[in-house]
Amino acid sequence: MKVLFVSSEAHPLVKTGGLGDVAGALPRSLQAEGVDVRLLLPAYRHVLQQVESTKPLFSMGDLLGTGEVWLLQGYHPQVTVPIWLVDCPALFDRPGGPYQDEEGSDWADNGIRFSLFARAAALLGISGALTGWRPDVLHLNDWQSGFVPLWLKHWGAERPATLFTVHNLQYQGVFPKTLLSEVGLPEHFYSMHGVEYHQQVSMLKAGLYYADQLSTVSPTYANEIQSTEMGEGLDGLLADRSEQLNGVLNGIDTAVWNPQQDESIAKKYSLETLSSRAINKEQLQTTLGVSVNDEAPLFGLVSRLVPQKGVDLLLTVIPEILQRGAQLVVLGSGDSALEQWLLHLQQQWPQQVGVWIGYNEPLAHAMMAGSDVILVPSRFEPCGLTQMYALRYGALPLVRRTGGLADTVDQQSGFLFDDVSSESLAVVLHEAVDSYSDRKLWKQKQQYAMKQALGWERSAKHYIEIYQSLMQVEE
Ligand code: ADP
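Residues numbered from 1 in each chain as written. Predicted model: local features only at pLDDT ≥ 70, side-chain atom pairs only at ≥ 80, totals over all residues. Heavy atoms only, no water.

## Observations concerning the pattern of salt bridges
Counted by the stated rule, this structure contains 15 salt bridges. Residue Glu-263 is joined to Lys-268 by a salt bridge in which the shortest nitrogen-to-oxygen separation is 3.1 Å. With relative accessibility at 67%, the residue Glu-263 sits in the exposed group. Lys-309 serves as the salt-bridge partner of Glu-381, at 3.0 Å between the closest nitrogen and oxygen. Here Lys-309 lies in the loop between strand S13 (298–305) and helix H12 (318–323) and Glu-381 lies in the loop between strand S16 (373–376) and helix H15 (386–393), a separation of 72 residues in the sequence. Lys-309 matches Glu-381 in its accessibility class, with the two residues each being buried. (Salt bridge = Lys/Arg side-chain N within 4 Å of Asp/Glu carboxyl O. Buried < 20%, exposed > 50% of the residue type's maximum accessible area, 1.4 Å probe, protein only. Helix = DSSP H or I, 4+ residues; strand = E, 2+ residues; numbered from the N terminus.)

## As for the site of the ligand
Surrounding the ligand, one finds 18 residues, the nearest of these being Gly-18, Arg-304, Lys-309, Gly-358 and Leu-385. The separation between an oxygen atom of the ligand and a polar side-chain atom of Lys-15 is 3.1 Å. Take Asn-360: an N or O atom from its main chain is 3.0 Å from a nitrogen atom of the ligand. When the ligand sits alone it has 550 Å² of accessible area, and the protein chains cover 93% of it. Among the elements of the structure, helix H1 (18–32), S13, strand S14 (327–334) and H15 are those that each provide at least two residues to the shell around the ligand. Examining the composition of the shell around the ligand, we find that three residues originate from one element, S13, more than from any other. The residue makeup of the shell around the ligand, split by class, is six nonpolar, eight polar and four charged. The residues that make up the shell around the ligand include at least three from each of domain 1 (2–251 + 457–474) and domain 2 (271–450). (Near = heavy atom within 4 Å. Polar contact = N/O pair within 3.5 Å; in protein donor to acceptor, adjacent residues only side chain to side chain. Areas by Shrake-Rupley, 256 points an atom, 1.4 Å probe, with all protein chains shown as cover. Nonpolar A, V, L, I, M, F, W, Y, C, P; charged D, E, K, R; others polar. Domains from an automatic or database assignment.)

## Some thoughts on the nonpolar core
Judged by nonpolar contacts, the single largest core of 96 residues is most densely connected at Leu-40, Phe-147 and Leu-208. Beyond its immediate chain neighbours, meaning those up to four positions away, Phe-147 contacts Ser-115, Ala-118, Leu-179, Leu-180, Leu-185, Val-201, Met-203 and Ala-206. The next biggest cluster of nonpolar side chains, apart from the first, holds 69 residues, and it includes Leu-274, Val-302, Leu-328 and Met-368. (Core = buried A, V, L, I, M, F, W, Y, C linked by side-chain atoms within 4.5 Å. Contact = heavy atoms within 4.5 Å.)

## Remarks on the packing of helix H14 (residues 361–370) against H15
The N-to-C vectors of H14 and H15 enclose an angle of 50°; their axes lie 8 Å apart at closest approach. With respect to H15, the axis of H14 lies oblique. Considering how the two elements wind past one another, H14 and H15 form a crossing that is right-handed. Here H14 contributes His-365, Met-368 and Ala-369 to the contact with H15, which in turn contributes Thr-386, Tyr-389, Ala-390 and Tyr-393. Its residues assigned to classes, the contact of H14 with H15 shows five nonpolar, two polar and no charged. (Axes fitted to C-alpha atoms, helices over the stretch in contact; angles between N-to-C directions. Parallel < 35°, antiparallel > 145°, perpendicular 65-115°, else oblique. Left-handed = near helix turned anticlockwise from the far one by under 90°.)

## What to know about the pairing of strand S6 (residues 137–141)
Among the five residues of S6, five are classified as buried, and the element is accordingly described as predominantly covered. A two-sided burial pattern is seen for S6, the buried positions comprising Val-137, His-139 and Asn-141 on one face and Leu-138 and Leu-140 on the other. By the bridge criterion, five bridges tie S6 to strand S7 (residues 161–166) in an arrangement that is parallel. Residue pairing across strands places Asn-141 opposite Thr-165, the latter belonging to S7. The handedness of the S6 to S7 crossover, carried by helix H6 (residues 148–155), is right-handed. (Pairing = 2+ DSSP bridges. Right-handed = clockwise from strand over helix to strand, strands pointing away.)

## Quick look at the side chain of Ser-276
Among the structural elements, Ser-276 can be located in the loop between strand S12 (245–247) and helix H11 (277–288). A relative accessible area of 14% means that Ser-276 is categorised as buried.

## Some details on the sheet that holds strand S17 (residues 396–400)
Adjacent strands of a sheet pair through backbone hydrogen bonds, lying either parallel or antiparallel. The strand order across the open sheet formed by six strands is S15-S14-S13-S16-S17-S18, and the pairing between neighbours is parallel. The open sheet has two edge strands, strand S15 (353–357) and strand S18 (415–417), and neither has a second partner. Adjacent strand axes in the sheet meet at a mean angle of 15° when their direction is disregarded. Inspection of the sheet shows S13 paired to S16 by two bridges, in the parallel sense. Bridging across to S16, Gly-300 finds its partner in Ile-374. Across the sheet, helix H13 (residues 336–348) is in contact with S13, S14 and S15; its angle to S15 comes to roughly 145°. In the packing of helix H18 (residues 439–450) onto the sheet, contacts are made with S16, S17 and S18, and the angle to S17 comes to roughly 80°.

By themselves, these observations are geometric and do not establish any function.
Dropping the structure here:
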């Protein structure tokens, strides 16, 4: 079975969030299950700098009038699946992130950039003769590859099956309707029964409308997004396609996130040597500048600071638990008002609050190894990875019961609250502080948490079942 895994990011080459983690780990697990999988990414400057070397495979021509496009093969010691890169220097070889410039503004030509990326992916789907490798399935991810099934529909040629996975329904790839004519797609796709979305064009909707099968990254989120409250205006379409909508829970990379082998933490530990965790807590307290004290329950937050993550719900209630002697350490960046609030809190409570604004992968590992509780109070959470890392490291997750959080955390492994409100959050924060004083019970919870099966094997098998069902339809 041949699968082209199409993604706009993949760890360790380029990552801005959960999609990067998934695209870094899932293809390798599919490969381990015998799937012949290749990873397709845009050749961003950052990626070209990360790979050890590249080899030009062939020219795809000037696909959208933005210069000649080449397919490159890339090599990276940690990536076991073949890496294919869509090289169009005018669109991808620039400083900044995959979607935004260095100031954090979206690239003005994102519509063109990801129309081209999608067109290249679609071409690779139908033109096995060029590569000598024709995929059976195109596995597409998020709005950046949403136009792939649209190009395929437009050409009408014999084509591979398509699976479109939504990692976050809130990011929709919305552009002016003129995009269609700019990239050479016919106007008739601009329809409610097509890519039209509030008088604009949505790449996410294109994927949801035209792909053969759909999936999202947890069973609960798959249900939630069919509701008006959480469907982002696409609930009708999703409900219509519920027969094709699968909920496949993400896994985590258990080699990268393993407290027994983690080079980023002060002291490695396992279920059997949980007491060594105290050294990591001590180190984390020192790094974040709070007082070193094992008696203080240490609450950690590793998050993008955006409304989705519910960090604002903490504003009014965190002081309540600080008064009870708890500590808070934060690693994150995003919304400047939230950043300012956190820094202000740190000033007010210098012994008990430590804040690191920025992105820091090794520190994220140290946070999992040293925190007693990891906070994930999300308004919505398609799957969420941080709570799974927390479980694996014996940091008890405190989460809102939504999406993948509801599918991965229970009362035995962590703490849950239901309502999007500071009051409901306060109840479980206090519960966690209370529980911490019973250290025997706490340890039992940690051990239960650390025993959860979180690897990718089960999910990889589930995806393979979907691929197989698609191929049967095709035959
Ligand atoms: P999302 O993709 O919505 O941001 P996830 O929980 O699915 O949320 O994935 C977040 C990923 O990003 C995790 O790997 C988490 O550790 C990481 N992360 C978030 N913020 C930071 C940060 N400031 N520094 C390092 N890693 C971070």
